[in-house]
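Here is what each chain is made of, one letter per residue.
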Amino acid sequence: MLIYILALNGVFDTGLSSLMDVIGTANELVQQEQISVQFDVRLVGVRRKVQTAQGLTVPVLSAVTLPCPDVVLVPALGAKMPLSLTAALARREVKDAGTWIKKWTQEGAVVGAACTATFVLAETGLLDGQTATTSWWLSSLFRQRYPRVAIDESRMLVNSSCFTTAGAALAHLDLGLSIVRSQSPGLAALCARYLLIESRASQAVFVIPDHVAHTDPIVERFEQWARKHLAQGFSMNAAITTIGTSERTLVRRMQTILGKSPLAYFQDLRVERAVHLLQTSDESVERIASLVGYEDGTTLRTLLRRKLGKGVRELRDRGS
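Every value quoted in this text rests on a predicted model; they were computed, and no experiment measured them. (Residues numbered from 1 in each chain as written. Predicted model: local features only at pLDDT ≥ 70, side-chain atom pairs only at ≥ 80, totals over all residues. Heavy atoms only, no water.)

A closer look at the pairing of strand E1 (residues 2-6)
In step 1: E1 sits mainly inside the fold: five of its five residues count as buried.
In step 2: Once you follow E1 into helix H1 (residues 13-33) and on to strand E2 (residues 40-45), the crossover reads as right-handed.
In step 3: Bridge analysis of E1 against strand E6 (residues 71-74) gives three bridges, and the strand direction is parallel. Within E6, the position partnered with Ile 5 by the bridge is Leu 73. (Buried < 20%, exposed > 50% of the residue type's maximum accessible area, 1.4 Å probe, protein only. Helix = DSSP H or I, 4+ residues; strand = E, 2+ residues; numbered from the N terminus. Right-handed = clockwise from strand over helix to strand, strands pointing away. Pairing = 2+ DSSP bridges.)

This is the structure we're talking about:
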């Protein structure tokens, strides 16, 4: 399998090395375990010289001289926040990279991108009509910039058509493993054990809801109201009266910024509060359930498992 790792100037050092380390480890294990799989990995650029976000030089091959690959992996840009990322996406190099990504896709390559590189992929228009994920804290920017892409920032990895997108930062590890898994599930499992990569299907447990909400004043006011009323339960009339807006406006802004309804976001805040209490107190599950507005601990346990993929014991162990 011929794999290109497309490195752009300012590439996120950890993202680049994570992809190379996962696939490099897989190649070493192939030889050790005598598995009939081989990954031919090449660092590729659309400029002669590439430096990482930390100033290290990346020895890249020119995309112009190379054949079409089987897989193209795009590690994140080092720009992590909306303003710096928006500026980075306007660079000519990013547009040129998009041209090559579209060319390789048309010739049959599978494309994977992680963290802020999902924006690089979305800039090409190739994700329009597809489902994708991205860095959870950039989800509102992604929704506004690419309204034709169905974004689900709770997921760590999303496969759609011939594209794979991965979540924030260390989701590069998950992206690399997904490529190995496509050739040999057993090899991917072995590689994960060697590199101590835990299975994690969701970013939800890492999300800080108010961080995303504070990108819009109406959503921020709703978030503040909601946090004060978790135990009492959701009331649209009480919410819009307190924050001074209409139901239609609140629903529209919530959908634009967070991609969910006010009630769904209210439930997210309940889950966040419950997890915090599980990890920082000795309160019983029944007591915590009542503090966040649920009738009993069974309902809370079921919700946590469905939303986060983890049980109470796992969440409490994580906080210890």
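Here the narrative resumes, following the displayed structure.
So, the pairing of E6
Regular strands place their side chains on alternate faces of the sheet.
In step 1: Burial along E6 is two-sided: Val 71 and Leu 73 facing one way and Val 72 and Val 74 facing the other are all buried.
In step 2: In the sheet, E6 pairs with strand E7 (residues 110-114) via four bridges, with the strands oriented parallel. Along E7, the bridge assignment pairs Leu 73 with Gly 112.

Thoughts on the packing of helix H12 (residues 262-280) against helix H14 (residues 297-308)
In step 1: It is the contact of H12 with H14, at a shortest axis distance of 11 Å, that shows an interaxial angle of 105°. Comparing their axes, H14 and H12 come out roughly perpendicular. In contact with Asp 268, Val 271, Ala 274, Val 275 and Leu 278 of H12, H14 contributes Leu 300, Leu 303, Leu 304, Lys 307 and Leu 308. (Axes fitted to C-alpha atoms, helices over the stretch in contact; angles between N-to-C directions. Parallel < 35°, antiparallel > 145°, perpendicular 65-115°, else oblique. Contact = heavy atoms within 4.5 Å.)

Re unusual backbone geometry
In step 1: Non-glycine residue Cys 115 carries a positive phi angle of around 55°.
In step 2: Looking at Cys 115, the relative accessible area reads 5%, which means it is buried.
In step 3: Even without a glycine there, the phi angle at Leu 196 is positive, about 55°.
In step 4: Examined against the element boundaries, Leu 196 turns out to sit in the loop between helix H7 (185-194) and helix H8 (209-213).
In step 5: In this structure Leu 196 comes out as exposed when scored by relative accessible area, which is 74%.

Some details on the packing of aromatic side chains
In step 1: As enumerated under the stated definition, the model contains 12 aromatic pairs in all.
In step 2: Taking the centre distance of 6.3 Å and the plane angle of 40° together, the rings of Phe 222 and Tyr 265 count as tilted. Placement of the pair is Phe 222 in helix H9 (residues 217-228) and Tyr 265 in helix H12, with a sequence separation of 43 residues. Each member of the pair, Phe 222 together with Tyr 265, is buried.
In step 3: Grouping aromatic residues by their ring pairs yields a cluster made of Phe 222, Trp 225, Phe 234, Tyr 265 and Phe 266.
In step 4: Here Arg 270 stacks its cationic end above the ring of Tyr 294, 4.7 Å away from the centre of that ring. (Phe/Tyr/Trp six-rings, centres within 6.5 Å; stacked < 30°, edge-to-face > 60°. Lys NZ or Arg CZ within 6 Å of the ring centre and 35° of its normal.)

Observations concerning the side chain of Gln 203
In step 1: Here Gln 203 shows up in the loop between H7 and H8.
In step 2: A distance of 2.9 Å separates a polar side-chain atom of Gln 203 from the backbone nitrogen of Ala 168.
In step 3: Dropping the residues within four chain positions of it, Gln 203 is found in contact with Thr 133, Thr 134, Ser 135, Trp 136, Glu 153, Ser 154, Arg 155, Met 156, Gly 167 and Ala 168. (Polar contact = N/O pair within 3.5 Å; in protein donor to acceptor, adjacent residues only side chain to side chain.)

Some remarks on the nonpolar core
In step 1: Formed by 40 residues in total, the largest nonpolar core has its most connected members in Leu 6 and Trp 104.
In step 2: Of all the elements in the fold, those that place two or more residues in this core are E1, E6, helix H2 (82-89), helix H3 (92-106), E7, helix H4 (117-123) and helix H5 (139-145).
In step 3: Once residues lying within four places of it in the same chain are set aside, the contact partners of Trp 104 are Tyr 4, Leu 6, Val 44, Ala 63, Pro 67, Cys 68, Pro 69, Val 72 and Ala 109.
In step 4: Leu 16, Leu 73, Ala 192 and Ile 197 belong to the second-largest nonpolar core, a separate cluster that totals 33 residues. (Core = buried A, V, L, I, M, F, W, Y, C linked by side-chain atoms within 4.5 Å.)

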